[in-house]
Amino acid sequence: SAVISQKPSRDICQRGTSLTIQCQVDSQVTMMFWYRQQPGQSLTLIATANQGSEATYESGFVIDKFPISRPNLTFSTLTVSNMSPEDSSIYLCSAGRDSTDTQYFGPGTRLTVL
Amino acid sequence: AQSVSQHNHHVILSEAASLELGCNYSYGGTVNLFWYVQYPGQHLQLLLKYFSGDPLVKGIKGFEAEFIKSKFSFNLRKPSVQWSDTAEYFCAVKPHQAGTALIFGKGTTLSVSS
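Anyway, here's the lowdown on the structure attached to this text. The model shown is predicted, which means the values in this text are computed figures rather than measured ones.

Below, the discussion takes up the overall build of chain B. Across its full length, chain B holds zero helices and 12 strands. Its C-alpha radius of gyration of 14 Å places chain B within 12% of the 13 Å reference for a compact globule of 114 residues. Counting only C-alpha atoms and orienting by the principal axes, one finds that chain B spans roughly 45 × 30 × 20 Å. The 114 residues of chain B split such that 47% are buried. In chain B, the proportion of contacts linking residues at least 24 apart, taken out of those at least 6 apart, comes to 54%. Accessible surface, chain B: about 5500 Å² in total, of which carbon and sulfur atoms supply 53%. Averaging the locations of the 9 positively and 7 negatively charged side chains of chain B gives two centres separated by 8 Å.

Below, the structure written as structure tokens:
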């Protein structure tokens, strides 16, 4: 299995500001993903974080709003830009060793935007 | 588009009752199947998974699930629930395509009364 940590665990931010969330995996993984879990909802995939290239975004999510970096095989960041209250959610990092492997999840970052 | 349907939004049971949570998916190709659990205040954990072989898979804490390919189903079962099984349960599917991520159902909230 892979152990995933995220920082920060929670934050309260003002409208219009940006927050960068960090994800660290304890071993090298091929696949890293970012999900959003809005209150009382299921998990929605934001994007696949590709090492050394631009992230692949799902429909409804764009790079200007959610820029993602993945400088190596164990680390990724997600930035939530120009935040509004609608961005209040839990953001989760997920990783797997290959495309058919089990995906493991970090503890999530609980974001509240005022 | 690929999708995952969980039939029950909220299930309420008494301790020792039997549990079955329904999950169906829509995808014509080969998939890996998962059930994840999220206990109150905790992060997402893998309950069990099916990759191939015996369609009846056993997971942690006495849970099992059966993959019925002809019905595109992967229902979760437990013969006798405990109060500690109170949690949110998510069914997820991962198509066998390079770079694909888990697709989640909307989740089922299980409340077990003692």
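That covers the picture; the talk isn't over yet.
Looking now at the overall build of chain A. Secondary structure assignment for chain A yields zero helices and 11 strands. Mapped from its N terminus to its C terminus, chain A presents α and β elements in the order β-β-β-β-β-β-β-β-β-β-β. For a compact globule of 114 residues, the expected C-alpha radius of gyration is about 13 Å, and chain A comes in at 13 Å, within 12% of that figure. Considering only C-alpha atoms, chain A reaches an extent of 35 × 25 × 20 Å along its principal axes. Taking as baseline every contact in chain A between residues at least 6 positions apart, the subset at least 24 positions apart corresponds to 56%. Approximately 5200 Å² of chain A is accessible, and the part contributed by carbon and sulfur atoms is 47%. Positive and negative side-chain charges in chain A, numbering 8 and 9 respectively, have mean positions lying 8 Å apart.

For the structure on display, the rule yields two disulfides over all chains. Across the disulfide from Cys23 of chain A sits Cys93 of chain A; the S-S distance is 1.9 Å. Between Cys23 of chain A and Cys93 of chain A the sulfur-sulfur dihedral comes to about -70 degrees; the bridge is accordingly left-handed. Taken together, the positions of Cys23 of chain A in strand β3 (residues 19-25) and Cys93 of chain A in strand β9 (residues 89-96) put the pair 70 residues apart, joining distant regions of the chain. Accessibility expressed as a relative area gives 0% for Cys23 of chain A, which makes it buried. Here Cys23 of chain B engages in a disulfide with Cys91 of chain B; their sulfurs sit 1.9 Å apart.

With 21 residues of chain B at the contact, the number on the chain A side is 18 residues. Contact with chain A buries surface across chain B, with His43, Lys94 and Phe104 of chain B losing the most and accounting together for 26% of the total. There are zero salt bridges connecting chain B and chain A. Summed over the shared surface of chain B and chain A, the number is seven residue pairs in polar contact (both at pLDDT 80 or more). Mapped onto the side of chain B that touches chain A, the elements with two or more residues apiece are β5 (31-38), β6 (45-50) and β10 (87-95) of chain B. Element by element, the count of residues in the side of chain B that touches chain A is highest for β5 of chain B, at four residues. The residue inventory of the side of chain B that touches chain A, partitioned by class, reads 10 nonpolar, eight polar and three charged.

Moving on, we get to the packing of aromatic side chains. For any pair of aromatic rings, geometry is given as the distance between the ring centres together with the angle between the planes. Under the definition given, this model contains 13 aromatic pairs over all chains. The rings of Tyr35 and Phe105 of chain A together with Phe34, Tyr36, Phe51, Phe90 and Phe104 of chain B are connected pair by pair, giving a single aromatic cluster.

Reading the values: the criteria
- Residues numbered from 1 in each chain as written.
- Chains lettered and ligands numbered in written order.
- Predicted model: local features only at pLDDT ≥ 70, side-chain atom pairs only at ≥ 80, totals over all residues.
- Heavy atoms only, no water.
- Helix = DSSP H or I, 4+ residues; strand = E, 2+ residues; numbered from the N terminus.
- Rg over C-alpha atoms; globule rule 2.2 N^0.38 Å.
- Buried < 20%, exposed > 50% of the residue type's maximum accessible area, 1.4 Å probe, protein only.
- Contact = heavy atoms within 4.5 Å.
- Areas by Shrake-Rupley, 256 points an atom, 1.4 Å probe, with all protein chains shown as cover.
- Lys, Arg positive; Asp, Glu negative; His and termini not counted.
- Charge placed at Lys NZ, Arg CZ, Asp CG, Glu CD.
- Disulfide = S-S within 2.5 Å.
- Buried area = accessible area lost by both parts, 1.4 Å probe.
- Salt bridge = Lys/Arg side-chain N within 4 Å of Asp/Glu carboxyl O.
- Polar contact = N/O pair within 3.5 Å; in protein donor to acceptor, adjacent residues only side chain to side chain.
- Nonpolar A, V, L, I, M, F, W, Y, C, P; charged D, E, K, R; others polar.
- Phe/Tyr/Trp six-rings, centres within 6.5 Å; stacked < 30°, edge-to-face > 60°.

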